[in-house]
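Residues per chain are reported as follows:
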Amino acid sequence: MEQVGKPLVSICTAVYNHEPFLRECFEGFIMQKTNFAFEVLVHDDASTDGSTNIIREYTAKYPHIFKPIYQQDNQYSKGVKVSLKYQYPRAQGKYIALCEGDDYWTDPLKLQKQVDFLEANPEYVMCTHHFNTYNQEDGSFGEDWNSNFTEDFTFDLEFFIKRDKWITQPLTLLFRRSALNQEEYRQYPNAKDVTLIYHILKKGKGIFLKDNMGIYRYHNGGIWSKANNSMRAKAEIDTAIGIYCIEKDLQAAKLIKNRIHTLGYLGMPFFKQHYKTYFNAMKILLKNFGFIPTIKLMIRSLNYFHSHFGY
């Protein structure tokens, strides 16, 4: 792969014990057909399997593309915001693409299509696309989460806040590096995907391409894949509260309001286990939406609990 000049795209890849999947991920990078140079910024978070050997192999073969960091101690477990500390600051590209080591791309023109659109449309800051899922445990492919979107469409922060499905899994995401203010982003108490996307969409619009160009993999070793519904709901609500603590505006409050509806589908056991999170959210909703709308939301949730769980 001959590449000339400064990378236009920086691909940021988080790796931790991804040995069974890593070659498929890396092959998705090197098969990209582009009229620009790109770099692959690999962060290996002290893997204990054979991931490091695979990274060294690809780095030796493509030294002008692969730029790894090898950690001796796991940074994620220490609460380090890995991308902020180790990845984004060294990105040279005008654009940043994301793909974790257990996911992969399937279209050799993925980067070219995304870059072409953003180059031609400067008012857009983000580009995403269709993807399928793959269950590693039973070897089955899942259907496209967003199959109802058959054409390209524009979305904004308001759409993202009201979403009922993910349209922006990290493996699909390419965004303008200029839209990421690292000093501002560092203020958020966490660095979840929701936080990153929220922050970027404050700067402009996103485009969802109709092409299906990647695979999101479920497996027992995945941090999010193995989380149960209760853990996911609490994480999303905590993340929304964290965003509000920095933004302190109506849009961030709407994000909490949207996420709090998740509680109604998890029942009283979730409510009893995570009541502090629930009431922290309700205090913010009271401040932004007033007493009656917030109480109505609480009553709807409690009625659901009572009718379905006998409380």
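The structure reproduced in this document is the subject of the present report. All figures in this text were calculated on a predicted structure; none of them were measured in a lab. (Residues numbered from 1 in each chain as written. Predicted model: local features only at pLDDT ≥ 70, side-chain atom pairs only at ≥ 80, totals over all residues. Heavy atoms only, no water.)

## As for the packing of helix α9 (residues 250-260) against helix α11 (residues 275-289)
Moving on, step 1. Between α9 and α11, whose axes approach to 10 Å, the crossing angle comes to 135 degrees. Judged on the interaxial angle alone, α11 and α9 are oblique. Judged by the sense of rotation from one axis to the other, the crossing of α9 with α11 is left-handed. Contacts between α9 and α11 pair Leu250, Ala253, Lys254, Ile256, Lys257 and Ile260 from the former with Tyr278, Ala281, Met282, Ile284, Leu285, Asn288 and Phe289 from the latter.
Moving on, step 2. Here the residues of the contact of α9 with α11 are counted per class, giving ten nonpolar, one polar and two charged. (Axes fitted to C-alpha atoms, helices over the stretch in contact; angles between N-to-C directions. Helix = DSSP H or I, 4+ residues; strand = E, 2+ residues; numbered from the N terminus. Parallel < 35°, antiparallel > 145°, perpendicular 65-115°, else oblique. Left-handed = near helix turned anticlockwise from the far one by under 90°. Contact = heavy atoms within 4.5 Å. Nonpolar A, V, L, I, M, F, W, Y, C, P; charged D, E, K, R; others polar.)

## Thoughts on the environment of Lys33
Moving on, step 1. Looking at where Lys33 falls in the secondary structure, it is placed in the loop between α1 (19-30) and β2 (38-44).
Moving on, step 2. For Lys33, a relative accessible area of 56% translates into the label exposed.
Moving on, step 3. For the pair Lys33 and Pro108, spaced 75 residues apart in the sequence, the C-alpha separation amounts to 5.6 Å.
Moving on, step 4. Not counting residues up to four positions away in its chain, the partners in contact with Lys33 are Pro108, Leu109 and Gln112. (Buried < 20%, exposed > 50% of the residue type's maximum accessible area, 1.4 Å probe, protein only.)

## Structural notes on the side chain of Arg217
Moving on, step 1. As for its position among the elements, Arg217 is in strand β10 (residues 205-218).
Moving on, step 2. Among the polar contacts made by the side chain of Arg217, one reaches the main-chain carbonyl oxygen of Asp102 at a distance of 2.7 Å. (Polar contact = N/O pair within 3.5 Å; in protein donor to acceptor, adjacent residues only side chain to side chain.)

## Considerations on the pattern of salt bridges
Moving on, step 1. Inspection of the entire model under this criterion finds 15 salt bridges.
Moving on, step 2. For Asp73, the salt bridge goes to Lys78, with nearest N and O atoms at 3.9 Å.
Moving on, step 3. According to the relative accessible area criterion, Asp73 is partly exposed, its value standing at 44%.
Moving on, step 4. A relative accessible area of 54% places Lys78 in the exposed class.
Moving on, step 5. The network of salt bridges with common partners includes Asp107, Lys113 and Asp211. (Salt bridge = Lys/Arg side-chain N within 4 Å of Asp/Glu carboxyl O.)

## A word on a nonpolar patch on the surface
Moving on, step 1. The grouping of Leu286, Phe291 and Ile292 at the surface amounts to a nonpolar patch, some 320 Å² of accessible area in total.
Moving on, step 2. Taking relative accessible area as the criterion, Phe291 reaches 58% and is therefore assigned exposed. (Patch = residues over 30% accessible without salt bridge, like charges linked within 9 Å, V, L, I, M, F, W, Y side chains within 5 Å. Areas by Shrake-Rupley, 256 points an atom, 1.4 Å probe, with all protein chains shown as cover.)

## Some thoughts on the pairing of strand β1 (residues 9-15)
Moving on, step 1. Burial analysis of β1 places six of its seven residues in the buried class, which makes it a mostly covered element.
Moving on, step 2. Between the parallel pair β1 and β2, the chain is carried across by α1, and the sense of this crossover is right-handed.
Moving on, step 3. Bridging between β1 and strand β4 (residues 95-98) involves four bridges; their strand directions are parallel. Looking at β4, one finds that Cys12 is bridged to Leu98. (Right-handed = clockwise from strand over helix to strand, strands pointing away. Pairing = 2+ DSSP bridges.)

## Re the nonpolar core
Moving on, step 1. Ranked by size, the top nonpolar core spans 47 residues in total, and within it Tyr88, Leu98, Met126, Phe175, Leu196, Ile256 and Ile260 carry the most contacts.
Moving on, step 2. Not counting residues within four places of it along the chain, the set of residues in contact with Leu196 comprises Tyr88, Leu98, Leu173, Phe175, Leu180 and Tyr185.
Moving on, step 3. With 35 residues, the next largest nonpolar core counts Phe36, Phe66, Ala97 and Cys99 among its residues. (Core = buried A, V, L, I, M, F, W, Y, C linked by side-chain atoms within 4.5 Å.)

## A look at the packing of α1 against helix α2 (residues 51-61)
Any two packed helices are characterised by the angle at which their axes cross and by the distance between the axes.
Moving on, step 1. Axis separation between α1 and α2 bottoms out at 9 Å; the angle between their running directions is 25 degrees. The pairing of α1 with α2 is recorded here as roughly parallel in orientation. The handedness of the crossing between α1 and α2 is right-handed. Contacts between α1 and α2 involve Glu19, Leu22, Arg23, Phe26, Glu27 and Ile30 on the former and, on the latter, Ser51, Ile54, Ile55, Glu57 and Tyr58.
Moving on, step 2. For the contact of α1 with α2, the residue count by class is six nonpolar, one polar and four charged.

## Examining α1
Moving on, step 1. Between its terminal C-alpha atoms α1 stretches 18 Å, which fits the 16 Å expected from twelve residues at 1.5 Å a residue.
Moving on, step 2. Listed in full, the buried residues belonging to α1 are Phe21, Leu22, Cys25, Phe26, Gly28, Phe29 and Ile30.
Moving on, step 3. Structurally, α1 contributes buried residues whose contacts are with β1, β2, α2, β3 (66-70), β5 (104-105) and β10. (Expected span 1.5 Å × (residues − 1).)

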